[in-house]
Amino acid sequence: MTHTPAVVVRDLRVRFGDVEAVSGVDLTADSGQATALLGRNGAGKSTTMKVLAGVVPPTAGAVSVAGHDAATDALGVKRVVGYCPDVGGLVPRATPWEHLQLTARLRRVDDWEERGRDMLERFELGDVAHRVVGGFSHGMSRRLSVVLAALHEPAVLLLDEPFDGVDPLGVEATLEVVADARARGACVLLSTHLRDLALKACGTAVVLRGGNRVAAMQAAELTGEAYRALLD
Amino acid sequence: MPSSTDAWSDALRDTGHLVAFRSRTVRRRGALVAGVVVMLGLTVLFALGPGSLHAGGELGDLLDTLVDSLTGNVGAALLGTLVLSITSSMSSGGGRELLSRSEAAIHPISARTEHLGALALSPLNLAWFIQMWGLLAVVALVAPPGRLVSAQVVAVTWILAATALGQAIGWAVEGVRRTPHGVLVVRVGGGLVVAAVVLLHLTGTLSSLVRALPTTWIADAMLGERWYAVALGLLVLAGLAVVLGARPAAWALGLPPREELRVQSGVHEARPVPVPRWGSADRALLRRLDRGSVWRSIGMRRGLIVLGAGPGLLALVAGLQWSTVIVLPGLTASGAALLFAVNAWCLDGKGMVWRETLPVPAADVFAARATVIAECMVAVSGVTVLLAVLRNGLPPLVTGLSVLACWLVVVVQILATAMSWSVRSPYSVDLSSPRATPAPHAAMAAYAGKLSLVTTMTALLFTGAAATPVAWLPIAMAVPFLAWSTWKLRRARRRWLAPVERARIVLTVAAV
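For every chain, the first residue of the written sequence is number 1, and numbering continues from 1 onward in sequence order. Written order determines the labels here, with chains lettered from A and ligands numbered from 1. pLDDT decides what is reported in this predicted model: residues at 70 or higher carry local features, side-chain atom pairs at 80 or more are listed and counted, and totals for whole chains, interfaces and linings draw on all residues regardless.

## Some points on the overall build of chain A
Step number 1: A count of helical and extended segments in chain A gives 8 helices and 10 strands.
Step number 2: Only the C-alpha atoms count toward the radius of gyration. The rule for a globule is 2.2 Å times the residue count to the power 0.38. Against the globule reference of 17 Å for 232 residues, chain A gives a C-alpha radius of gyration of 17 Å, in line with a compact fold.
Step number 3: Dimensions of chain A along its principal axes, counting C-alpha atoms only, are 45 × 40 × 40 Å.
Step number 4: Buried residues in chain A amount to 53% of all 232 residues.
Step number 5: By the convention adopted here, residues make contact when the C-beta atoms placed from their backbones lie within 7 Å. Taking all contacts inside chain A whose residues are at least 6 apart in sequence as the whole, residues at least 24 apart take part in 67%. A run of DSSP states H or I qualifies as a helix once it reaches four residues; a run of E qualifies as a strand once it reaches two. Both are numbered from the N-terminal end. Neighbour density around each residue's C-beta defines its exposure: 20 or more other C-beta atoms within 10 Å make it buried, 12 or fewer make it exposed, and counts between make it partly exposed, where C-beta atoms are placed from the backbone.

Laid out in structure tokens, this is it:
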């Protein structure tokens, strides 16, 4: 029996008008593993994540997410993925509970209320579950985005900058979500600028530069010096 | 410490910088220039055209009757301009902003600059243009030959003064709204004013009160020998209103926006998942989310209420004929579309990316958004029609069919146009402030001009149909309009369904 990784990306290219945001990324990520996606601003990390989430179609290349082709079956991709976008990601005049309700309903998750309540408590959002998110701080919005990505226990969990502006308790809760997802056999892809947290959460690391993959290694091998050398 | 003159010159300079900054972000300069030329051309047409109308026979008699009825109502028209300026600035939280609150936060922008910016943006408003054109047309009709230019000079100076006065009063009301219990005070005050107007009308004293106001004197004086003194006086009044308006602006902008903060911190207990009688529960949930995004926004809620009640009250109090009422649904629905629908995806703001990750067919998302937009337009224009029915009673068959057909046509027309614009030219905007607009100001002016022109011309065609005895004519006329709009709507939907187009829209609206 051949082993198929949960995420397979071959020569991914994404073009926005004259700008090529991603120019030939190759990537594989296995179930039960967490992979860090590292690189400088504009390296193509967030665009790659958006393609994997089914938000942006690939211009060229092959992208398979849990067996679904991102180019032809974006809806199938969305069903198996939980995605925390890098910026915002929340409807400003809806409450956290309404966000959870919508995501659970559209993914056909029954009896989600208890888990939703529990996750909001873990991320210290229980008190604001029925307030519109437009008044949230950046850190609160980030924490809620992680909750929304993980609520339905997706086969592929995509976290784009989940630690950005988040307090230490929120960081711990996010690391727990990653560990839980790995434990139940999900594939986790985590994009961040914070190397130390990436190493803590992930077993493998992929470094992007200028829209290309420049390295893929065990996270433990990615020392500070090695990382800096890959960025320049 | 800088003198007052220095502070004003700094504010003027800063306003210039902000206007220049905004104008550099205009995407289609050719279209902007064309739009300005069209608007100026229409203004000249309305100011001079009606004065040269001459006709004989029945049409001439009709024109004479129209001029006779308008001659005594120029003062009321002037008052209407002032009321509209006040209502407009009140409903937009004091006035529009040159830079959004989050963009402006990092810059040292004074309250004077905000005030001047809001004044500069006042004309970029559908209601303002329609009112101005209406007033210029009325003055052109009643001014005797040889007095037209001087009367129009006075009318223009009155428009300037009314805009500046309206702005100052709008800031003052916004200041009151931002005090503790201020929202309640403004709501009760507004309700009392409306109740007083209705009561005066019912007791038959409204007309005499309006005639006793100084606007009647201005209307008489603009046609007399000393028109220049009136124009000069109005210019001084406009200048004073601009200078004095900075005080309530500074007061209002120095206070926390309580109503917005209350909405942001307010509790909205979740309701169970809807179980619709027909259609899918997913779509019902999407519609509920979209409705929440509209009605929980201070600016949109306030705008929809004003659009629903304002023209409706006018129809109720002034006793507008059905030939005039038929134009109103198009204008009020256009106003509703201009609150958010011309950039429909901006309702989601940065949450657009998250919405796009939900496993729901793109067609359902489009259908839910279009339905909610149509609901808003039908609601506000429906109030106008309903109040007109209360005032005038049920219209004759052909007139009634014309009103209904026209109403349906303009709603579908505006929906198709708004969805097309939303797909073609999405913008990233933050609508948390009632002072924000769903698209850049130049685009808003173009949208307002196009919507008002198209819907008014359509309504005029149906007014013609209402004047005939042929009952099937308005229905037959509606068919090609509806077919064309449906085709446009389906084209916008097709573009939305294309993954690459949708990704462009999502990334633009979410600004990522």
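## Some remarks on the overall build of chain B
Step number 1: Helix and strand content of chain B: 23 helices and 0 strands.
Step number 2: For chain B, the spread of C-alpha atoms along the three principal axes comes to 75 × 70 × 50 Å.
Step number 3: Relative to its 512 residues, chain B shows a buried fraction of 45%.
Step number 4: Contacts in chain B between residues at least 24 apart in sequence constitute 86% of all its contacts with a sequence separation of at least 6.

## Quick look at the environment of Thr324 of chain B
Step number 1: Checked against the element boundaries, Thr324 of chain B lands in helix α16 (residues 322–325).
Step number 2: Once the C-alpha coordinates of Thr324 of chain B and Ala459 of chain B are considered, the two residues, 135 residues apart in sequence, prove to be 9.2 Å apart.

## Observations regarding the interface of chain A and chain B
Step number 1: At the interface, 36 residues of chain A touch 36 residues of chain B.
Step number 2: Per-element tally for the side of chain A that touches chain B: the top contributor is helix α3 (residues 96–106) of chain A, with 7 residues.
Step number 3: Each residue gets one of three labels, nonpolar for Ala, Val, Leu, Ile, Met, Phe, Trp, Tyr, Cys and Pro, charged for Asp, Glu, Lys and Arg, and polar for the others, Gly among them. Counted by class, the side of chain A that touches chain B contains 19 nonpolar, 9 polar and 8 charged residues.

## Overview of unusual backbone geometry
All names here are of chain A.
Step number 1: Even without glycine at this site, Ala66 takes up a positive phi of about 50°.
Step number 2: Mapped onto the fold, Ala66 is located in the loop between β4 (60–65) and β5 (68–69).
Step number 3: Residue Ala66 is classed as buried on the basis of its C-beta count, with 20 C-beta atoms lying within 10 Å.
Step number 4: At Asp111, a position not held by glycine, the phi torsion is positive, near 50°.
Step number 5: For Asp111, the position within the fold is in the loop between α3 and α4 (113–122).

## Remarks on the sheet that holds strand β7 (residues 156–160) of chain A
Two pairing modes exist for strands in a sheet, parallel and antiparallel, and in both the strands are linked by backbone hydrogen bonds.
Residues and elements named next belong to chain A.
Step number 1: With mixed pairing, the 6 strands of this open sheet are ordered in space as β6-β7-β8-β3-β9-β10. Strands with a single pairing partner mark the edges of an open sheet, and in this sheet they are β6 (81–84) and β10 (212–218). Averaged over all adjacent pairs, the angle separating strand axes in this sheet is 15°, with direction ignored.
Step number 2: If DSSP finds at least two bridges between two strands, the strands pair. With 6 bridges joining them, strand β9 (residues 204–209) and β10 adopt antiparallel strand pairing. Bridging across to β10, Val207 finds its partner in Ala215. What counts as an axis is a line fitted to C-alpha atoms, over the stretch in contact for a helix, and the angles between N-to-C directions run from 0 to 180 degrees.

## Let's talk about helix α8 (residues 148–177) of chain B
Step number 1: Taking 1.5 Å of rise per residue, 30 residues should cover 44 Å, and α8 of chain B covers 42 Å from first to last C-alpha, within 8% of that figure.
Step number 2: Across the 30 residues that make up α8 of chain B, a large majority, 23, are buried. In a helix, the anticipated span is given by 1.5 Å times the number of residues less one.

## Let's talk about the sheet that holds strand β1 (residues 7–16) of chain A
Residue and element names in this part refer to chain A.
Step number 1: Within the open sheet, the 4 strands sit side by side as β2-β1-β4-β5. Their pairing is antiparallel. In this open sheet, the two edge strands, each paired with only one partner strand, are β2 (19–29) and β5.
Step number 2: Across 2 bridges, β4 lies against β5 in antiparallel orientation. Looking at the pairing, Ser64 lines up with Asp69 of β5.
Step number 3: Against the sheet, helix α1 (residues 45–52) contacts β1, β2 and β4, and its axis sits at roughly 115° relative to β1.

## Some points on the environment of Ser428 of chain B
Residues and elements named next belong to chain B.
Step number 1: Mapping Ser428 onto the fold places it in the loop between α20 (397–424) and α21 (441–466).
Step number 2: Counting along the chain gives 78 residues from Ser428 to Val506, while the straight-line C-alpha distance between them is 9.4 Å.
Step number 3: Excluding residues that lie within four positions of it along the chain, Ser428 makes contacts with Thr508, Val509, Ala510 and Ala511.

## Overview of the domain arrangement of chain B
Residue and element names in this part refer to chain B.
Step number 1: By convention here, the domain bounds are inherited from an automatic or database domain assignment. Here the domain parsing of chain B yields domain 1 (27–262) and domain 2 (280–512).
Step number 2: Distance between the C-alpha centres of domain 1 and domain 2: 25 Å.
Step number 3: At the junction of the two partners, domain 1 supplies 30 residues and domain 2 supplies 27 residues.
Step number 4: Sorting the residues of the side of domain 1 that touches domain 2 by element identifies α2 (29–48), α4 (74–91), α5 (101–104), α7 (126–142), α9 (182–202) and α13 (258–265) as the ones contributing at least two each.
Step number 5: Top element by residues in the side of domain 1 that touches domain 2 is α2. It accounts for 5 residues.

## Here's the deal with the confidence of the model for chain A
Step number 1: Scored from 0 to 100, pLDDT reflects the predictor's confidence in each residue. The share of residues in chain A with pLDDT of 70 or more is 98%, and the mean pLDDT across the chain is 90.
Step number 2: Mean pLDDT across the elements of chain A bottoms out in helix α8 (residues 224–231) of chain A (79) and peaks in β7 of chain A (96).

## A few points about the nonpolar core
Step number 1: By definition, a nonpolar core groups buried Ala, Val, Leu, Ile, Met, Phe, Trp, Tyr and Cys residues that are joined through C-beta atoms within 7 Å. Core analysis: the biggest nonpolar cluster contains 219 residues, and Leu52, Val156, Leu158 and Leu190 of chain A together with Leu415 of chain B have the highest contact counts within it.
Step number 2: Looking at this core, you find at least three residues from each of domain 1 (27–262) and domain 2 (280–512) of chain B.
Step number 3: Setting aside residues up to four positions removed in sequence, Leu52 of chain A forms contacts with Val7, Val63, Val65, Ala70, Val81, Leu158 and Leu189 of chain A.

## A closer look at the confidence of the model for chain B
All names here are of chain B.
Step number 1: Mean pLDDT over chain B: 88, with 98% of residues reaching 70 or higher.
Step number 2: Per-element mean pLDDT across chain B ranges from 70 in helix α3 (residues 57–71) up to 96 in helix α22 (residues 472–497).
Step number 3: Overall fold confidence for the complex sits at a pTM of 0.85, while the interface term, ipTM, reaches 0.84.

## A word on helix α19 (residues 362–392) of chain B
For an α-helix the count is 3.6 residues per turn, leaving residues at separations of three or four pointing the same way.
Step number 1: Between its first and last C-alpha atoms α19 of chain B spans 44 Å; for 31 residues at 1.5 Å apiece the expected length is 45 Å, and the two agree.
Step number 2: Once α19 of chain B ends, the next one or two residues include Gly393 of chain B, with phi positive near 80°.

## Overview of the pairing of strand β8 (residues 187–191) of chain A
All names here are of chain A.
Step number 1: The buried fraction of β8 is high, at 5 of 5 residues.
Step number 2: What you see with β8 is no split at all: Cys187, Leu189 and Ser191 on one side and Val188 and Leu190 on the other are buried throughout.
Step number 3: Pairing of strand β3 (residues 34–39) with β8, which is carried by 4 bridges, proceeds in the parallel orientation. Residue pairing for β8: Leu37 is matched across the bridge by Ser191.
Step number 4: Direction of pairing for β7 relative to β8: parallel, over a ladder of 5 bridges. What sits directly across from Asp160, in β8, is Ser191.
Step number 5: The definition of a right-handed crossover adopted here requires that, viewed with the strands pointing away, the path from the first strand over the helix to the second runs clockwise. Considered for its hand, the β-α-β crossover made up of β7, helix α6 (residues 168–183) and β8 is right-handed.

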